[in-house]
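Structural characterization, general
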Amino acid sequence: MSTASETDSSQGVGGPDSADTTDGVLAEQLLRLTRRLHRIQKRHLEPLGITPAQSRLLRTVAHLSTVRPPRMADLAARLEVVPRAVTTLVDGLESAECVRRVPDPANRRVIRIELTDTGRATLRRLRNARTGAAEEILAPLTADQREVLGGLLNALADAPAEHGC
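Per chain, residue numbering runs from 1 following the sequence as it is written. Predicted model: local features are reported for residues with pLDDT of at least 70 only, side-chain atom pairs are reported and counted for 80 or more only, and whole-chain, interface and lining totals are derived from all residues. Side-chain metrics rest on all non-hydrogen atoms present in the structure, leaving aside hydrogens and water.

Time to look at the environment of Arg 101. Residue position: Arg 101 is located in strand E1 (residues 99-104). The sequence separation of Arg 101 and Arg 71 amounts to 30 residues, and the corresponding C-alpha distance is 9.2 Å. Once you skip the residues sitting within four places of it in the chain, Arg 101 turns out to touch Met 72, Thr 87, Val 90, Asp 91, Glu 94, Ile 111, Arg 112 and Ile 113. Any pair of nitrogen or oxygen atoms within 3.5 Å is treated as a polar contact; in protein, a donor-acceptor pairing is required on top of that, and neighbouring residues in sequence qualify only through side-chain atoms on both sides. One polar contact links Arg 101 to Asp 91, side chain to side chain, over a distance of 2.7 Å. A polar side-chain atom of Arg 101 sits 2.3 Å from a polar atom in the side chain of Glu 94. A run of H or I in DSSP becomes a helix once it reaches four residues, and a run of E becomes a strand once it reaches two; helices and strands are each numbered from the N terminus. Note on definitions: a residue-residue contact is assigned when non-hydrogen atoms from the two residues lie within 4.5 Å.

Structure (C-alpha cells):
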C-alpha cells in the first residue's frame, strides 16, 4: 500500500517530477504561442507581399545600415542562418524592389545590401502590420498583465545562454 506522499510523487504533484511536468507544460505552451504568433504575423504581412522571414531580413538590413549597408555574410550571421538562405531572401526582396545589391566602394568584390525607397516604405507598412498583430495577440491581456508578461519575457530573453545556444 502506498502513502499519500508516494502517490503524489509518482503522479508529479509536489514530488521530484513536478518541476519536470511544469517545465514540460510551459515549454509546450511557449511552442503553441510561437506557432500562433507566426500564423498571426503571417496573416498581417500577406497584404504586403512579404513573408515573416523577408520581414526579419528587411528589418535587419535597416538596423545594420545605420553604420553602413551590410554584406550577405553579416546578414547570415545576424539572422543565424546559412548564407544560401540570405541569398534567397535578398533575391525575393530585390525583385520586390525593397533592396538592391551594391558593390562596396572600398572593395568592389564585396557586395552590400542596401535599402531602397520602396524598402523604407515597406518597413513603415511592416511596423503597422506588426503593431496590428501584437494588438491581436495581446488583446486578452489587461495592461497590468502585459507589463508582467513583458518583464517575464525580458527575463527569459536576457538569460545567459547555456549549452552553446
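Strands are labelled as partners when DSSP assigns at least two bridges between them. Note that E1 and strand E2 (residues 107-115) share 6 bridges and pair antiparallel. Bridged to Val 99 within E2 is Leu 115. Here E1 hands over to E2 after 2 residues, the two strands then running antiparallel side by side.

As a further point, take helix H6 (residues 117-138). To estimate the expected span of a helix, count its residues, drop one, and scale the result by 1.5 Å. Look at H6: 32 Å from first C-alpha to last across 22 residues, which is about the 32 Å you get at 1.5 Å a residue. Under the scheme applied here, a residue whose accessible area is under 20% of the maximum for its type counts as buried, over 50% as exposed, and between as partly exposed, the area being computed with a 1.4 Å probe on protein chains only. Those residues of H6 that sit buried are Gly 119, Thr 122, Leu 123, Leu 126, Ala 129, Gly 132, Ala 133 and Ile 137.

Right, let's get into the nonpolar core. Leu 57, Leu 58, Val 86, Val 90, Leu 93, Val 99 and Ile 113 are the most contacted members of the largest nonpolar core, which totals 20 residues. At the level of secondary structure, the elements contributing two or more residues to this core comprise helix H3 (52-64), helix H4 (72-79), helix H5 (83-95), E2 and H6. Setting aside residues up to four positions removed in sequence, Val 99 forms contacts with Leu 58, Val 90, Leu 93, Glu 94, Ile 113, Glu 114, Leu 115 and Thr 116. In this description, a nonpolar core means a group of buried Ala, Val, Leu, Ile, Met, Phe, Trp, Tyr and Cys residues linked to one another through side-chain atoms lying within 4.5 Å.

Here Arg 112 lies in strand E2. Assessed through its relative accessible area of 6%, Arg 112 is described here as buried. With near-sequence residues (within four places) excluded, Arg 112 lies in contact with Arg 68, Pro 69, Pro 70, Arg 71, Asp 74, Arg 100, Arg 101, Val 102 and Asp 104.

On the surface, a cluster of nonpolar side chains totalling about 290 Å² of accessible area is made up of Leu 30, Leu 153 and Leu 156. Structurally, Leu 30 is set in helix H2 (residues 18-45). Judged by relative accessible area, which is 44%, Leu 30 ranks as partly exposed. Each patch is built from salt-bridge-free residues with over 30% relative accessible area, joining like charges within 9 Å and nonpolar side chains (Val, Leu, Ile, Met, Phe, Trp, Tyr) within 5 Å. Each accessible area value is a Shrake-Rupley result obtained with a 1.4 Å probe; residue values ignore everything except the protein chains displayed when judging cover. Should a side-chain nitrogen of Lys or Arg be within 4 Å of a carboxyl oxygen of Asp or Glu, the pair is scored as a salt bridge.

This part is about the pattern of salt bridges. In the structure shown here, the tally under the stated rule is 9 salt bridges. Ionic pairing is found between Arg 35 and Glu 28, a salt bridge with its closest N-O pair at 3.5 Å. Using a relative accessible area of 43% as the deciding quantity, one classes Arg 35 as partly exposed. Salt-bridge contacts for Asp 74 lead to Arg 112; the nearest nitrogen and oxygen are separated by 4.0 Å.

Checked against the element boundaries, Leu 138 lands in helix H6. Among the residues examined, Leu 138 registers a relative accessible area of 25% and is labelled partly exposed. Residues Leu 138 and Leu 149, spaced 11 residues apart in sequence, show a C-alpha to C-alpha distance of 9.9 Å.

So, about the packing of H3 against H5. Axis angle and axis distance: for two packed helices, these are the angle between their axes and the distance between the axes, and together they describe the pair. Their axes nearest at 10 Å, the elements H3 and H5 cross at an angle of 90°. The orientation of H3 relative to H5 falls into the category roughly perpendicular. Facing Ala 53, Gln 54, Leu 57 and Leu 58 of H3, the residues of H5 in contact are Val 86, Leu 89, Val 90, Gly 92 and Leu 93. Each residue is assigned to one class: nonpolar for Ala, Val, Leu, Ile, Met, Phe, Trp, Tyr, Cys and Pro, charged for Asp, Glu, Lys and Arg, and polar for all the others, Gly among them. Among the residues forming the contact of H3 with H5, the class breakdown is 7 nonpolar, 2 polar and no charged. Axis lines are fitted through C-alpha atoms, for helices just across the contact stretch, and the angle between N-to-C directions can take any value from 0 to 180 degrees. Here roughly perpendicular refers to angles of 65 to 115 degrees, roughly parallel to angles under 35, roughly antiparallel to angles over 145, and oblique to all remaining angles.

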